[in-house]
Amino acid sequence: MISLVLVAFMATISVASLDRRTYIVHMDESKMKTSNPSGANSKEMFEEMLGSISQLSTDSEATPPPRLLYAYDTAIFGFAAKLSPMHLESIRNMDAFVAAIPDRTMRLHTTHSYQFLGLEQGRGLWHASNLESDVIIGVIDDGIWPEHPSFHDHGFGPVPARWKGACDNGTNFSSLNCNRKLIGARYFFKGYEAAYGRVNETADFKSPRAIEGHGTHCASTAAGNIVENASFYGLANGVAIGMRYTARIATYKVCWEGRPATCVSSDILAAIDQAIEDGVDVVSLSLGKGGGVPYFDDITAQAAFNGIQRGIFFSCSAGNSGPRTVTNTAPWLMTVAASYTDRSFPAIVKLGNGKNFEGISLYSGKSLKELPIVYGPTAGKKFAQYCIPGTLSPKLIRGKVVVCEQGRVLFSQMTEQVKSKGGAGTIILLSEGEDIAAIRYMSPAASVGHMAGKAILRYLNFTKSPTASLTFKGTAYGKRAPMMAAFSSRGPNIVGPDLLKPDLTAPGMNILAAWPSITSLSEEEGDKRRVLFNFDSGTSMSCPHVSGLAALLISRHKEWSPAAVKSAMMTTAYNLDNRGSPIKDFYHGGPATPFAIGSGHVDIQKASDPGLLYDIHPLEYLLYLCSLKYNSSLIARFDWNFTCPKRTTMQPGDLNYPSFAVLFKSDAHNVTITYRRTVTNVGNPPVGTYKVRVQEPKGISIRVKPSILNFKTHGQKLAYKVSFTAIKQIIESENSSFGSLTWVSGKYTVRSPIAVTWI
């Protein structure tokens, strides 16, 4: 019997409670093992500990015993269990107790993108010599459709000997579904079932097999094998290929049922714990809780910290909720925003007055000739303008084009209503913004932005017999790009305002990738269409792009740390579009700021030879947490064996990060803040002189010492200080202004964005 439990129960509350919930409990590994000299493994120790709690309960009949869900050994040391308040209080009183965090629910947040990113077969990072080494990408998501051709193992050699993973048997899935490409497939559901009841096996497979398309799409984007002649009903025809298409894939299913699927943190932690043990090199996480969760309560951040200590790169989606909502913001995570490529699917709405408006549609049928338009009261009864089921009149809309406003039902439901009532086509008006996702319509339909929508409504309101035609142009290239998607979550980073997030952006809008053959195009009931490849949008799509690109860099630079890989991508990112203008933000129509775009758009070819690196040792991350005034119990959630120094001069802004976030009080005038950075020379040739180039944010004066860095050897480290002086407050753009600091030497341009905020 563990003696710690006996001591703890002297202070146990006497009244039991039936109000049980799941907690993730951190324990001190050293103290646990000292109290259990028998050599039992962690699962056995935790089972014995929880069993002791149950046996010593003073009201065991009223309170069900604690139920162990997971024992964690790698990502953290601890367990997940369903506990009553009495059980939790008993554990809190143990000497080995560190922290207990309630389980949380999270949500899931290409034939052309590889070309847009500058990747070419046989050249650069896609040269055979860089693709031969084995890299393993772990995708934590809602499962995979293993039979898809993107996961065939043609041309692959034996599974790497270092691989410790497995393929779990389950509903409609066995180890035979894995191969030399898909080398691991596991599923984690205990946390979900503890919170929501048993998995409904009529709505999902209780196995690694996917019922929806999200995880399959993400896995193929990161590392899908080559598939020729991939398209969506002839649209976007080309070669489907993952960013690191020769990488091995391991899938970890943690999200269950519904759209979006539900994922709980105890299952996610179990998946990360297992992925680290299995031996992945990259973890791709296209899910999150939402902004505002502090690092000490962020289970993903805590688990990933232990992963990066083992050299694993973590790529995470930034979220899809707009300003001040960026998630997955821990400094050791790569936080990825979403933007457009130069590919589009134009649909032209021509009004009877001769005016044309360009919208977007994935409808691949015939265009519509000029027909009468109906809207609102001319289309049906109250709320007909939203095309809600039951509001449209077959008599009024038959053979006509129906205008529907965004707001009450899904776009696909609108078009289904129009089609079922005899309408000839649909024009959908966005309620705000110009961010138009390519929708998979089953009937003639086009979506237009808010400005075009206002013009169409004016035409309808002042025209006696309005008409319109719809022309579907198919696939077009050369559109202005990249442009930031309006939905992409952005800063400022409310968890750590001294840290600029997101880190960078990558293709995430209208991405074509693998899709399960069982899943409908729209993932809606009644949609019988099935395809091999489907479009999807979100930071969920941009994240696996960066996961695959990171795998390419790891192949080229095996000696680089996760922080070095991240630095290379951030400092070489670009901020001008294919027209030579600043990248546009669809949210407000102006140039994208670092709060939206981070360092810029990833440029993987330049990232492979960045010149300088801002490297960070895991110890420095712990010192950063100390600078946030974390006490010993909070630090123990990341490393139970680390203690903050009693005296430290480090500020949060001193973390050796490749970007700068500077905070001034609102009344600051002639106040100076100084941060330190160290860069490592990885340029070729190794001898080089770098001169600083500064674009000062409005209201700020910047001084860099030294302003010239002279490198003599490869791997040499040189430090510099940058001082920011507030001259005047800027009352615009959320009290923020932006600039950059760039080190320049010959072919190398090493750029860091600067965001200054008055608080």
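Residues numbered from 1 in each chain as written. Predicted model: local features only at pLDDT ≥ 70, side-chain atom pairs only at ≥ 80, totals over all residues. Heavy atoms only, no water.

S.K.: Explain the side chain of N681 residue by residue, including any values.
M.R.: Within the fold, N681 resides in strand β31 (residues 671-681). Of the polar contacts made by the side chain of N681, one reaches the backbone oxygen of P686; its length is 2.6 Å. Discounting chain neighbours no more than four positions away, the residues touching N681 are G611, L612, P686, Y690, F711, T713, H714, G715 and Q716. (Helix = DSSP H or I, 4+ residues; strand = E, 2+ residues; numbered from the N terminus. Polar contact = N/O pair within 3.5 Å; in protein donor to acceptor, adjacent residues only side chain to side chain. Contact = heavy atoms within 4.5 Å.)

S.K.: Account for the pairing of strand β7 (residues 182-187), with residues named and values stated.
M.R.: Taken across its six residues, β7 has six buried, putting it largely inside the fold. Looking at chain direction, β7 and strand β10 (residues 248-253) are connected through five bridges and run parallel. What sits directly across from R186, in β10, is Y252. (Buried < 20%, exposed > 50% of the residue type's maximum accessible area, 1.4 Å probe, protein only. Pairing = 2+ DSSP bridges.)

S.K.: I'd like a description of helix α14 (residues 539-556), backed by residues and values.
M.R.: In an α-helix, one turn spans 3.6 residues, which is why side chains three or four residues apart end up on the same side. End to end, α14 covers 26 Å across 18 residues, agreeing with the expected 26 Å (1.5 Å per residue, within 8%). By the criterion of burial, α14 is predominantly enclosed, with 17 of the 18 residues buried. (Expected span 1.5 Å × (residues − 1).)

S.K.: Please give an account of the packing of aromatic side chains that cites residues and values.
M.R.: Aromatic ring pairs are described here by two measures, namely the spacing of the ring centres and the angle between the planes. As enumerated under the stated definition, the model contains 27 aromatic pairs in all. Measuring from ring centre to ring centre gives 6.4 Å for F189 and W256, while their planes differ by 90°; the resulting arrangement is edge-to-face. Of this pair, F189 sits in the loop between β7 and α7 (190-196) while W256 sits in strand β11 (residues 255-256), placing them 67 residues apart in sequence. The exposure classification of F189 matches that of W256, with both residues buried. (Phe/Tyr/Trp six-rings, centres within 6.5 Å; stacked < 30°, edge-to-face > 60°.)

S.K.: Tell me about the sheet that holds strand β36 (residues 736-745), residues and numbers included.
M.R.: Strand order in the open sheet formed by five strands is β30-β37-β36-β32-β34, with mixed pairing between adjacent strands. Sheet topology places β30 (660-664) and β34 (708-711) at the edges, where each strand pairs with a single neighbour. Across the sheet, the mean angle separating the axes of adjacent strands is 20° when strand polarity is ignored. (Axes fitted to C-alpha atoms, helices over the stretch in contact; angles between N-to-C directions.)

S.K.: Quick one: what's the story with the nonpolar core, residue by residue and with numbers?
M.R.: The biggest cluster of nonpolar side chains holds 108 residues, and the ones touching the most others in it are W332 and M569. Listed in part, the 37 residues of the second largest apolar core include A379, V402, V409 and V531. (Core = buried A, V, L, I, M, F, W, Y, C linked by side-chain atoms within 4.5 Å.)

S.K.: Got a sec to walk through the layout of surface pockets? Specific residues and values, please.
M.R.: Looking at the second largest pocket, its volume works out to about 450 Å³. Lining the second largest pocket are 15 residues, with N575, P582, A592, Q695 and R751 positioned closest to its centre. Broken down by secondary-structure element, the contributors of at least two residues to the lining of the second largest pocket are α16 (594-597) and β36. Broken down by element, the lining of the second largest pocket gets its largest block of residues, three residues, from β36. Its residues placed into classes, the lining of the second largest pocket shows nine nonpolar, five polar and one charged. (1 Å grid on protein atoms, 1.4 Å probe; cavity = no way out; pocket = protein on both sides within 12 Å on 5 of 7 lines; lining within 4 Å. Points joined across faces, edges and corners; volume = space filled by probe spheres on them. Nonpolar A, V, L, I, M, F, W, Y, C, P; charged D, E, K, R; others polar.)

S.K.: Residue-level account of the sheet that holds strand β33 (residues 700-705), with values.
M.R.: An order of β29-β31-β35-β33 is seen for the four strands of this open sheet, with the pairing classed as antiparallel. With partners counted over all chains shown, the strands left at the sheet margins are β29 (612-613) and β33, one partner each. Here β31 runs beside strand β35 (residues 717-726); their pairing, made up of 10 bridges, is antiparallel. Residue pairing across strands places R676 opposite K721, the latter belonging to β35.

S.K.: Could you give an account of the state of the cysteines, naming the residues involved and the relevant values?
M.R.: Here the structure, examined in full by the defined rule, presents four disulfides. Between the sulfur atoms of C167 and its disulfide partner C178 the distance amounts to 1.8 Å. Because the sign of the S-S torsion sets the handedness, a value of about -110° for the bond joining C167 and C178 places this disulfide among the left-handed ones. In this pair, C167 sits in the loop between β6 (136-141) and β7 while C178 sits in the loop between β6 and β7, placing the two residues 11 residues apart along the sequence. Since its relative accessible area comes to 17%, C167 is described here as buried. Each sulfur of the disulfide joining C387 and C404 lies 1.9 Å from the other. (Disulfide = S-S within 2.5 Å.)

S.K.: Which residues make up the pairing of strand β8 (residues 227-232), and what values go with them?
M.R.: Where β8 and strand β9 (residues 235-240) come together, three bridges link them in antiparallel fashion. Residue pairing across strands places V227 opposite A240, the latter belonging to β9. Counted between consecutive antiparallel strands, the loop separating β8 from β9 contains two residues, among which Y233 sits at a positive phi close to 50°.

S.K.: Provide a residue-level description of the side chain of T519, including the pertinent values.
M.R.: Here T519 shows up in the loop between β26 (511-514) and β27 (533-536). With a relative accessible area of 3%, T519 lands in the buried category. With sequence-adjacent residues up to four places away left out, T519 is seen in contact with I211, E212, G213, R529 and R530.

Spatial relationships are all this shows, so hold off on functional conclusions.
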